[in-house]
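Structure assessment
Residue strings, one per chain:
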Amino acid sequence: NAGVTQTPKFQVLKTGQSMTLQCAQDMNHNSMYWYRQDPGMGLRLIYYSASEGTTDKGEVPNGYNVSRLNKREFSLRLESAAPSQTSVYFCASRRTGGQDTEAFFGQGTRLTVV
Amino acid sequence: GENVEQHPSTLSVQEGDSAVIKCTYSDSASNYFPWYKQELGKGPQLIIDIRSNVGEKKDQRIAVTLNKTAKHFSLHITETQPEDSAVYFCAASDNQGGKLIFGQGTELSVKP
């Protein structure tokens, strides 16, 4: 039981390059999330998906796209990376609907855009 | 949408003292309030949570209180130990759409 797995763990991009961050969970959770973490800013929600086939914007969606490929996988895409997207990105999943439960987080992806 | 404010941003205590972290939320529909601990280089992990039908919950040295009228909730850590040093986050969500919003985090330092 691996929980939430994110790839890659580290990435350096040049301004304007694109990349996709991958996330997979094996807990049969319906909801999945992408957050970014910057010093002093806490965890800010980028996008989330409450069920397979649905996605919704969070607090800071600009510059990002997401795909809920199936119940297990939720990817985050940067089409044209900017230095302001330098951050640590976390994927999370949990069961929602009825009584919400705790979110489980991946280990994070440290992204640097130069 | 929901907005969660967390204070203080940093907190330094002596080993054995108590630590209190406070959060306020804006959306009266929120009914689930978890607290997470994040150690260096790792993802956040749940330490305790509380639902809106409960005013207080305890788990050993950790307790959380909720005041729905004032829309604030607090984390209390008693008899702090050096291993409690970490970043703590509060969060809020409702059970309608799954959105989970976090506060800005509190860096707790427990000095031996």
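No experiment lies behind these values; they were computed from the predicted model shown. Chains are numbered independently. Their residues run from 1 in the order of the written sequence. Each chain is given a letter, starting from A, and each ligand a number, starting from 1, according to the order in which they appear as written. Given that the model is predicted, a residue must reach a pLDDT of at least 70 before its local features are reported, and side-chain atom pairs must reach 80 or more before they are shown or counted; all residues, however, enter totals for whole chains, interfaces and linings. With hydrogens and water stripped out, all remaining heavy atoms of the structure feed into the side-chain values.

**Focus: the overall build of chain A**
- Helices and strands together make up the secondary structure of chain A, namely zero helices and eleven strands.
- Here the globule rule is a power law, 2.2 Å times the number of residues to the power 0.38, and the radius of gyration is based on C-alpha atoms. Whereas a compact globule of 114 residues would reach a radius of gyration of roughly 13 Å, chain A reaches 13 Å, a difference of no more than 12%.
- Relative accessibility decides the category of a residue: with a 1.4 Å probe and only protein chains considered, values under 20% of the type maximum give buried, values over 50% give exposed, and everything between is partly exposed. Sorting the 114 residues of chain A into buried and exposed places 48% on the buried side.
- Sequence-distant contacts, at least 24 apart, represent 55% of the contacts inside chain A between residues at least 6 apart. Here a strand is any run of E in DSSP of at least two residues, a helix any run of H or I of at least four, and the numbering for each starts at the N terminus. Working rule for contacts: check all heavy atoms of both residues, and any pair within 4.5 Å makes them a contact.

**Some points on the pattern of salt bridges**
Residue and element names in this part refer to chain A.
- Each salt bridge in this description consists of a side-chain nitrogen of Lys or Arg and a carboxyl oxygen of Asp or Glu lying within 4 Å of one another. The full count for this structure, using the stated rule, is seven salt bridges over all chains.
- We note a salt bridge from Arg77 to Glu79, for which the minimum N-O separation is 3.1 Å.
- Given a relative accessible area of 29%, Arg77 falls into the partly exposed group.
- Salt bridges sharing common partners tie together Arg36, Asp38 and Arg44.

**Observations concerning the nonpolar core**
- A:Tyr35, A:Phe105, B:Trp35, B:Phe73, B:Leu75 and B:Phe102 are the most contacted members of the largest nonpolar core, which totals 38 residues.
- For this core, the leading source of residues is strand β9 (residues 86-93) of chain B, giving six residues.
- Nonpolar core, defined: a set of buried Ala, Val, Leu, Ile, Met, Phe, Trp, Tyr and Cys residues in which side-chain atoms within 4.5 Å join the residues together. Membership of the second largest hydrophobic core comes to 19 residues, among which are A:Leu21, A:Ile46, A:Leu76 and A:Cys91.

**Comments concerning the pairing of strand β3 (residues 19-25) of chain B**
All names here are of chain B.
- Residue alternation in β3 divides its side chains into a buried set, Ala19, Ile21, Cys23 and Tyr25, and an unburied set, Val20, Lys22 and Thr24.
- Criterion used throughout: strands pair if DSSP finds at least two bridges between them. Bridge count for β3 against strand β8 (residues 72-77) is six bridges, and the pairing is antiparallel. Within β8, the position partnered with Ala19 by the bridge is Ile77.

**Here's the deal with the state of the cysteines**
- Working definition: a disulfide is two cysteine sulfur atoms within 2.5 Å of each other. Enumeration over the complete set of coordinates arrives at two disulfides over all chains.
- The side chain of A:Cys23 participates in a disulfide bridge whose partner is A:Cys91; the two sulfur atoms lie 1.8 Å from each other. Classification of the bridge connecting A:Cys23 and A:Cys91 rests on its S-S torsion, roughly -75°, and on that basis the disulfide is left-handed. Placement of the pair is A:Cys23 in strand β3 (residues 19-25) and A:Cys91 in strand β9 (residues 87-94), with a sequence separation of 68 residues.
- Taking relative accessible area as the criterion, A:Cys23 reaches 3% and is therefore assigned buried.
- Residue B:Cys23 pairs covalently with B:Cys90 via a disulfide, S to S 1.9 Å. A torsion of -100° about the S-S bond marks the disulfide between B:Cys23 and B:Cys90 as left-handed.

**Brief notes about the side chain of A:Arg94**
- Within the secondary structure, A:Arg94 sits in strand β9.
- On the basis of relative accessible area, A:Arg94 is assigned to the buried category, the value being 0%.

**A word on the confidence of the model for chain A**
- pLDDT runs from 0 to 100 and stands for how confident the predictor is about each residue. Chain-level pLDDT for chain A is 94 on average; 98% of the residues reach the 70-or-more range.
- Predicted confidence in chain A is weakest over strand β5 (residues 42-51) of chain A, with a mean pLDDT of 94, and strongest over strand β8 (residues 74-78) of chain A, with 98.

**What about the layout of surface pockets?**
- Lining residues are those with an atom within 4 Å of a point, where the points come from a 1 Å grid over the protein atoms alone and group into cavities, where a 1.4 Å probe fits but cannot get out, or pockets, open sets with protein on both sides within 12 Å along at least five of seven lines. Grid points are joined across faces, edges and corners, and a volume is the space filled by probe spheres set on the points. Roughly 800 Å³ of volume is contained in the largest pocket.
- Lining the largest pocket are 34 residues; nearest its centre among them are A:Gln37, A:Arg110, B:Gln38, B:Leu40 and B:Val87.
- Looking at the lining of the largest pocket, the elements that each hand over two or more residues are β4 (31-38), β9 and β11 (109-113) of chain A together with β9 and β11 (106-111) of chain B.
- Within the lining of the largest pocket, the residues separate by chemical class into eleven nonpolar, 17 polar and six charged.
- In this structure, the second largest pocket encloses a volume near 170 Å³.
- Lining the second largest pocket we find 13 residues, and of these A:Phe104, A:Phe105, A:Gln107, B:Pro44 and B:Gln45 sit closest to its centre.
- Of all the secondary structure elements, the ones that give two or more residues to the lining of the second largest pocket are β10 (104-105) of chain A together with β5 (45-51) of chain B.
- Only Asp, Glu, Lys and Arg are considered charged, only Ala, Val, Leu, Ile, Met, Phe, Trp, Tyr, Cys and Pro nonpolar, and every remaining residue, Gly among them, polar. Its residues placed into classes, the lining of the second largest pocket shows seven nonpolar, four polar and two charged.

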